[in-house]
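Reading the structure
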Amino acid sequence: NTKLIQQLFKCTSIFQQPIRLSAVQQVSSLHTLPRESSPKQQQVFLGAKHHSCPSIFRQPDLSCWNAVYRSCSSFVSPQGSRNRDITLNKEELSVRYGHYHLDLPYVWLRDHCRCDVCYNHQTCQKNIDNFELDLDIRPTEVSFDGTVLTIEWPDKHLTSYNIDWLLENTYHDQHRDRVERVLWNKAIMATITEQPMVPYKDFMETEDGLKEHVKNLMKYGFSVVTQAPPSHEGTLAVSQRLTFLQPTFFGPSWSFTSDMAFGDTAYTTLGLGAHTDNTYFMSPSGIQVFHVLEHQGTGGETLLVDGFFAAETLRRDNPTAFKCLSETVVAHEFYDSDHRVRSLGTVLSFHPTTKKMFSIRFNPYDRSPLHTVPPDQIKKFYKSYAALTEEIRKPESEVWLKLKPGMVLFVDNWRVMHGRSSFTGLRRVSGCYLPRDDWFGKARLFGLQNL
Ligand SMILES: C[N+](C)(C)CCCC[C@H](N)C(=O)O
Ligand SMILES: O=C(O)CCC(=O)C(=O)O
């Protein structure tokens, strides 16, 4: 150890002068040993717990921070914001940065330290043991140069944050989605000049094509890959270009007709009103893929309704109903001869910070007996559910399209409802479910999503 400490002292001499860490290292929070490095702090470098350590000595794998930096670097910090000051309050640090006002509890600032001891940059996992967090911790010194906030704690531990990282990762009321959603109804969709479609070749062979498809999903809640091979294999190839299949008791994928293979209306020739699938799962599938491989007969058009458009209309026109459906936990179920699947969840949910719509769980056919709503709330729930249903079923809310072989439709099953008109003749639909967490993760990797 002596040799190592001697090496260290030789190294720490570089801390006598200000050092410029690469921008990426700055984002991962800058760590420098204080000028007079106490023996205890030297101990730190040897990997003792909960002290600062000069991450510059040990180049952490910044892969996860590269991603963070990339997403941060696209974060447009206020240009020339003069208002960059900090105030130390009793429980938190207030940071003013342009039009942002962050109130950062000290314990939060300690908990989120990203030094190599507090955070494993190889695994992007925290090392901090929450049980050891001092809820009443306060800094002994804080500085902010307009880009980097540096904090010294009573035990001399040093923590610092890049302002962009803080703007991305702390609570404030100005979080914005990377891709501005376009909520639509029939009239709005008719004005969209660039319809959410990507040609098969571009989608399968270029990153831009894949990114465009994901951007369409973020923006409109659906996207169509056109000119795909008109086969179930074509469906699978296109689906797995985006992400892995999400198998359910319907199987990993399907090519179904009206043969009552399952005890469900989908396996009939009947029409289906707008709904989201898998309301009976605690976490409904993220995307449903539809590919009509053949249809000799009439009807069988596909219906799409933007559930977020309907929900926002309800939030504006009937806030009581919106609140009721966002708070009332109800059950949905898939029951047939082989299944007794049931879920619990609210019909609507919105993001806790942005307050923007987060999910809609709407399938009137699969609602379980209402056993979670107190009798005196029942009527209010029915009225609220009816108000949302009315919005959803307005003809002006509906977009109809006739899917042809080669048109592979991806629907965000947490936002856009689908249905179909009744039909005659043989109609074969190929499709699958894709997991929400993974396709949203792809959007984050593309910098198309931050929250
Ligand atoms: C897509 N696939 C044909 C497999 C499912 C059909 C049943 C879906 C069910 N009605 C629901 O709303 O979840
Ligand atoms: O047959 C269709 O086009 C859609 C059926 C349906 O709604 C479903 O499979 O969830």
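The rules behind these values
Residues numbered from 1 in each chain as written. Chains lettered and ligands numbered in written order. Predicted model: local features only at pLDDT ≥ 70, side-chain atom pairs only at ≥ 80, totals over all residues. Heavy atoms only, no water. Near = heavy atom within 4 Å. Areas by Shrake-Rupley, 256 points an atom, 1.4 Å probe, with all protein chains shown as cover. Helix = DSSP H or I, 4+ residues; strand = E, 2+ residues; numbered from the N terminus. Nonpolar A, V, L, I, M, F, W, Y, C, P; charged D, E, K, R; others polar. UniProt positions renumbered as here; feature names shortened; annotations may be inferred. Buried < 20%, exposed > 50% of the residue type's maximum accessible area, 1.4 Å probe, protein only. Contact = heavy atoms within 4.5 Å. Polar contact = N/O pair within 3.5 Å; in protein donor to acceptor, adjacent residues only side chain to side chain. Pairing = 2+ DSSP bridges. Domains from an automatic or database assignment. Axes fitted to C-alpha atoms, helices over the stretch in contact; angles between N-to-C directions. Parallel < 35°, antiparallel > 145°, perpendicular 65-115°, else oblique. Expected span 1.5 Å × (residues − 1). Phe/Tyr/Trp six-rings, centres within 6.5 Å; stacked < 30°, edge-to-face > 60°. Lys NZ or Arg CZ within 6 Å of the ring centre and 35° of its normal.

**With respect to the site of ligand 2**
Neighbouring ligand 2 are the residues F256, A266, L272, H275, D277, Q288, F290, H418, R420 and R427. Contact with the protein chains hides 95% of the accessible area of ligand 2, taken as 300 Å² for the molecule alone. When residues of the shell around ligand 2 are traced back to their parent elements, those giving at least two are β12 (272–275), β13 (287–296) and β21 (416–420). Classifying every residue of the shell around ligand 2 gives 4 nonpolar, 3 polar and 3 charged.

**Some words on the UniProt feature "domain: Gamma-butyrobetaine hydroxylase-like N-terminal" (unreviewed entry) in the protein chain**
In the numbering used here, UniProt assigns the feature "domain: Gamma-butyrobetaine hydroxylase-like N-terminal" (unreviewed entry) to residues 90–166. Here residues 90–166 runs as 13% helix and 39% strand, with 20 Å between its end C-alpha atoms.

**Regarding the environment of N120**
Tracing the sequence through the fold places N120 in strand β4 (residues 119–120). Since its relative accessible area comes to 24%, N120 is described here as partly exposed. With residues near it in sequence (within four places) discarded, N120 still touches Q125 and N127. Of note is the side chain of N120, whose polar atom sits 3.0 Å from the backbone nitrogen of T123.

**Describing the pairing of strand β3 (residues 100–105)**
By the alternation rule, side chains of β3 split into Y100, L102 and L104, which are all buried, and H101, D103 and P105, of which none is buried. Bridge count between strand β2 (residues 92–97) and β3: 6 bridges; the pairing is antiparallel. Across the sheet, residue Y97 finds its bridge partner in β3, namely Y100. Counting the residues in the hairpin turn of β2 and β3 gives 2 residues, including G98, whose phi is positive at 60 degrees.

**Points about the domain arrangement of the protein chain**
The domain architecture assigned to the protein chain consists of domain 1 (2–75), domain 2 (84–175) and domain 3 (186–445). Spacing between the C-alpha centres of domain 2 and domain 3 amounts to 40 Å.

**A look at the pairing of β13**
In terms of burial, β13 is largely enclosed, as 8 of its 10 residues are buried. Pairing analysis gives 4 bridges linking β13 to strand β20 (residues 408–412), with the strands arranged antiparallel. Bridged to F290 within β20 is L409. Relative to strand β22 (residues 426–434), β13 is paired through 9 bridges, and the arrangement is antiparallel. Residue pairing across strands places E294 opposite R428, the latter belonging to β22.

**Side note on the packing of helix α9 (residues 207–220) against helix α14 (residues 436–445)**
Here α9 crosses α14 at 110 degrees, and the two axes come no closer than 10 Å. Taken as axis vectors, α9 and α14 run roughly perpendicular relative to one another. When α9 is examined against α14, the residues V214, L217 and M218 are found in contact with a partner set consisting of W439, F440 and A443. Split by residue class, the contact of α9 with α14 holds 6 nonpolar, no polar and no charged.

**Notes on the site of ligand 1**
Taken together, the neighbourhood of ligand 1 is formed by 15 residues, with D264, N278, Y280, Q288 and N363 sitting nearest. At a separation of 2.8 Å, a nitrogen atom of ligand 1 approaches a polar side-chain atom of D264. One of the backbone N or O atoms of N278 is found 2.8 Å from an oxygen atom in ligand 1. Protein burial of ligand 1: of its 380 Å² of free accessible surface, 95% is covered by the chains. The class makeup of the residues in the shell around ligand 1 is 7 nonpolar, 5 polar and 3 charged.

**Some thoughts on α9**
With 14 residues, α9 ought to run about 20 Å at 1.5 Å a step, and its terminal C-alpha atoms sit 20 Å apart, in line with that. What α9 keeps buried is the set G209, L210, H213, V214, N216, L217, M218 and Y220. Downstream of α9 by one or two residues, G221 has phi in the positive range, about 85 degrees.

**Re the packing of aromatic side chains**
All chains considered together, the criterion is met by 25 aromatic pairs. Here Y97 and F144 contribute two aromatic rings whose centre-to-centre distance is 6.5 Å and whose plane-to-plane angle is 65 degrees, an arrangement assigned as edge-to-face. Separated by 47 residues along the polypeptide, Y97 in strand β2 and F144 in strand β6 (residues 141–144) bring together distant segments of the chain. Each member of the aromatic cluster is reached from another via a ring pair, and the members are F249, F250, W254, F256, F262, Y267, Y280, F281, F334 and Y433. Directly above the ring of F350 sits R315, whose terminal nitrogen or CZ lies 5.5 Å from the centroid. Between R367 and the ring centre of Y385, over which it is positioned, the NZ or CZ distance is 4.8 Å.

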